[in-house]
Amino acid sequence: MDHLGTQRARDLLQPWDLVLRGGRPYQRARRTVLALSLLTVAGTPFLAARYLDRAWPAGLIVGATGSARVLGVELLDPLLSVGVWLARGGRPGLLAAALPVLLLVVVLGRFFCGWLCPYLPLLALSHSVRWALGKLGVPVLDLRLPGWVRFAVLGTVLAGSATLGVQLAVLVYPPALLARTAYRMAFGLGLGGGATVLAAVWLFDTTISRAGFCRSLCPGGALFSLLGVASQVRVRRVASRCTDCTACDVVCNLGLRPMSDRVDTGCDRCGRCIAVCPTRALSLSLEGRPR
Amino acid sequence: MNRRGVLGLAAGALAGLLARRPAAAAATLRPPGALPPGAFELACIGCFRCAEVCPTRAIRFPAGAALDAGQPFLALREAACVLCMACTEVCPTGALARIPAQAERVAAEVRIGVPVLDRRSCLPWSRQGVCRLCAYVCPMGARAVELVGPLQAPLFHAAGCVGCGLCEEACPEEAHAIHIVPAALQDGGRT
């Protein structure tokens, strides 16, 4: 069904994604956290390289996304901890490091992708470039891969580690790639191959498929969807307020359709659908689905 | 996840399990406390934390995007390991087993590699003069390197050596007679 509203909804899309109509505090908080995330990932290595001899900031933070020790607390990305766990079996230390983030994912679902992934600011830039290219009349593709592809990628990455003898996630997972590229630059090792993969991912998202890597290829996103399957923090719609304008469907990075209540575990809780809704029919809530 | 998702996951896992293991790469010098070759590569998540805390920046990462892109190695000739054990303390997955920076624990547990001496380049062995630099910098002392003969030529004992590379780093540029090599590559102990 092609909606008259779709074109209007497309017009709503701005370089920085959306016209904020609701959920301003949520978006402000999210963008602040995302900016801090990127700053931490890109900045910590430079601080570490600069102040290494003074053992600072080793006491505050060691590492970045993927694996960090913040004020003495170990945090480990579930994708990496599950990969090591599958390849080598569980170890108490590994489990302890993985637990805090795992618990968050179980409660909040795929929130990492919408709230913490340092690739997201780069994705926003990709949206801007797409928008600009569109304005200039340059055609940009929006390929939509089937939903099972990301699970296939996840399966390959986790199982392939056993046969290839190397953790594969770190080679294709954008947060890990970003962190490693930042480290390489900070320690004067040159950009490295990770930057090439990252550039390929960004170009794919920009020219071939909008947020296509996040939506259909990222093994981390697939794993978070799986682990967060029981999460009750979901986008819900009050049908009586909805005008079927499709703005939410258009704005969703991950190809979900809040307007038709088709928001599954793939939702990253970014709240952009809530923010663009002209009638505030959508909300992120813990309650049961209103009927 | 729907049925297609489950099937996708299964198909991906199968594809991953069928992937052809590449020809074993030449063994590499890993940071101290590293698990044996094979186990280390599976446990390491390329987080860079070991390199971040390494005071001598001996820990490097390959520049390419190949399978080993996330795996740390040591460039001992450029910077030796000073056995501070900070890397083993920050490793989140146990790829580097934690070893306290105590002399006896380090001597007993650290085996980065084994020393191989090229006697044709070594100054005393090639009768060019007395040098003793390797023995002078060695933290393990006579356990790892003994000085023999009138020219105080070094005699390495792999069993007592932790492979920190201080001798390789100290060995005069024109000689560069000492190479720390992975234990797997040791060919009959030509020391």
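Turning next to the overall build of chain B. In terms of regular secondary structure, chain B is built from 7 helices and 6 strands. Starting at the N terminus, the α and β elements of chain B follow one another as α-α-α-β-β-α-α-β-α-β-β-α-β. For chain B, the C-alpha atoms occupy an extent of roughly 80 × 35 × 25 Å along the three principal directions. Counting the 191 residues in chain B, one finds 45% classified as buried. Taking as baseline every contact in chain B between residues at least 6 positions apart, the subset at least 24 positions apart corresponds to 65%.

Another aspect to go through is the overall build of chain A. Of regular secondary structure, chain A possesses 14 helices and 5 strands. Considering only residue pairs separated by 6 or more positions, chain A has 72% of its internal contacts joining residues 24 or more positions apart.

What follows concerns the domain arrangement of chain B. Residue and element names in this part refer to chain B. Each assigned domain of chain B is listed here: domain 1 (26-109) and domain 2 (113-191). Domain 1 puts 13 residues into the contact, and the matching count from domain 2 is 13 residues. When its residues are assigned to classes, the side of domain 1 that touches domain 2 shows 11 nonpolar, 1 polar and 1 charged.

The interface of chain A with chain B comprises 58 residues on the first partner and 46 residues on the second. Partitioned by chemical class, the residues of the side of chain A that touches chain B number 33 nonpolar, 19 polar and 6 charged.

Right, let's talk about the packing of helix α7 (residues 149-164) of chain A against helix α1 (residues 3-18) of chain B for a bit. Running from amino to carboxyl end, α7(A) crosses α1(B) at an angle of 30°, the nearest separation of the two axes being 6 Å. Between α7(A) and α1(B), the interaxial angle falls into the category roughly parallel. Remark: the crossing between α7(A) and α1(B) carries right-handed chirality.

Looking at chain B as a whole, its pLDDT mean stands at 87, while 92% of the residues score no less than 70. For this predicted complex, the interface score ipTM comes out at 0.81, alongside a pTM of 0.85.

Residue and element names in this part refer to chain A. Sheet architecture is open: 3 strands sit in the order β1-β2-β3, paired in antiparallel fashion. Strands at the two margins of the open sheet, each flanked by one partner only, are β1 (61-64) and β3 (73-76). Averaged over all neighbouring strand pairs, the angle between strand axes comes to 20°, with direction disregarded. Bridge count for β1 against strand β2 (residues 67-70) is 4 bridges, and the pairing is antiparallel. Along β2, the bridge assignment pairs A64 with S67.

A separate point is the nonpolar core. Membership of the largest hydrophobic core comes to 137 residues, with the highest contact counts inside it found for A:A169, A:C248, A:C273, B:C50 and B:C87. Excluding its chain neighbours within four sequence positions, the residues that come into contact with A:A169 are A:L79, A:L80, A:G83, A:V157, A:A176 and A:P219.

Our next topic: the packing of helix α3 (residues 78-88) of chain A against helix α12 (residues 219-227) of chain A. Residues and elements named next belong to chain A. Two elements in contact, α3 and α12, have axes separated by 9 Å at closest approach and are oriented at 85°. By the angle class used here, α3 and α12 are roughly perpendicular. Between α3 and α12, the contacting residues are P78, L79 and V82 on the first element and P219, G220, L223 and L227 on the second. Of the residues belonging to the contact of α3 with α12, the class tally is 6 nonpolar, 1 polar and no charged.

Looking now at helix α6 (residues 120-135) of chain A. Residue and element names in this part refer to chain A. In this model, α6 (16 residues) spans 23 Å end to end at C-alpha, consistent with the 22 Å of a helix rising 1.5 Å per residue. Restricting attention to buried positions, one finds in α6 the residues L120, L123, S126, H127 and R130. The buried side chains of α6 occupy one side of the element, clustering within an arc of 105° when seen end-on. Looking at α6, the residues exposed on the side facing more than 90 degrees away from the buried face are A132 and K135. Contacts made by the buried residues of α6 are with α2 (24-50), α10 (193-208) and α11 (212-217). Directly after α6, the chain includes G137, whose backbone phi takes a positive value near 85°.

Our next topic: the environment of A:G266. All names here are of chain A. Secondary-structure assignment places G266 in the loop between α13 (247-251) and α14 (272-276). In this structure the C-alpha to C-alpha distance between G266 and L256, which are 10 residues apart in sequence, comes to 7.8 Å. Setting aside residues up to four positions removed in sequence, G266 forms contacts with R110, S225, L254 and L256.

A few words on α12(A). Counting buried positions along α12(A) gives 8 out of 9 residues, so the element sits mostly inside the fold. Taken together, the buried positions of α12(A) are occupied by A:P219, A:G220, A:G221, A:A222, A:L223, A:F224, A:S225 and A:L227.

The next point concerns unusual backbone geometry. Residues and elements named next belong to chain B. Residue L83 is not a glycine yet carries a positive backbone phi of 60°. In this structure, L83 sits in the loop between β2 (73-74) and α4 (86-90). Of note in this structure, R132 is not a glycine but carries a positive phi near 65°. With respect to the element layout, R132 can be found in the loop between β3 (114-117) and α6 (133-137).

What follows is about the pairing of strand β6 (residues 178-181) of chain B. Residues and elements named next belong to chain B. Side chains of β6 alternate between two faces, with I178 and I180 buried and H179 and V181 left unburied. As paired strands, β3 and β6 are joined by 4 bridges and run antiparallel to one another. Across the sheet, V116 pairs through a bridge with H179, a residue of β6.

What follows deals with the environment of A:G160. Mapping A:G160 onto the fold places it in helix α7. In this view, A:G160 contacts A:L168, B:G16 and B:A19; residues no more than four positions away in its chain are not counted.

How each quantity is defined
- Residues numbered from 1 in each chain as written.
- Chains lettered and ligands numbered in written order.
- Predicted model: local features only at pLDDT ≥ 70, side-chain atom pairs only at ≥ 80, totals over all residues.
- Helix = DSSP H or I, 4+ residues; strand = E, 2+ residues; numbered from the N terminus.
- Buried ≥ 20, exposed ≤ 12 C-beta atoms within 10 Å, placed from the backbone.
- Contact = placed C-beta atoms within 7 Å.
- Domains from an automatic or database assignment.
- Nonpolar A, V, L, I, M, F, W, Y, C, P; charged D, E, K, R; others polar.
- Axes fitted to C-alpha atoms, helices over the stretch in contact; angles between N-to-C directions.
- Parallel < 35°, antiparallel > 145°, perpendicular 65-115°, else oblique.
- Left-handed = near helix turned anticlockwise from the far one by under 90°.
- pLDDT = per-residue confidence, 0-100.
- Pairing = 2+ DSSP bridges.
- Core = buried A, V, L, I, M, F, W, Y, C linked by C-beta atoms within 7 Å.
- Expected span 1.5 Å × (residues − 1).
- Arc of directions from axis to C-beta.

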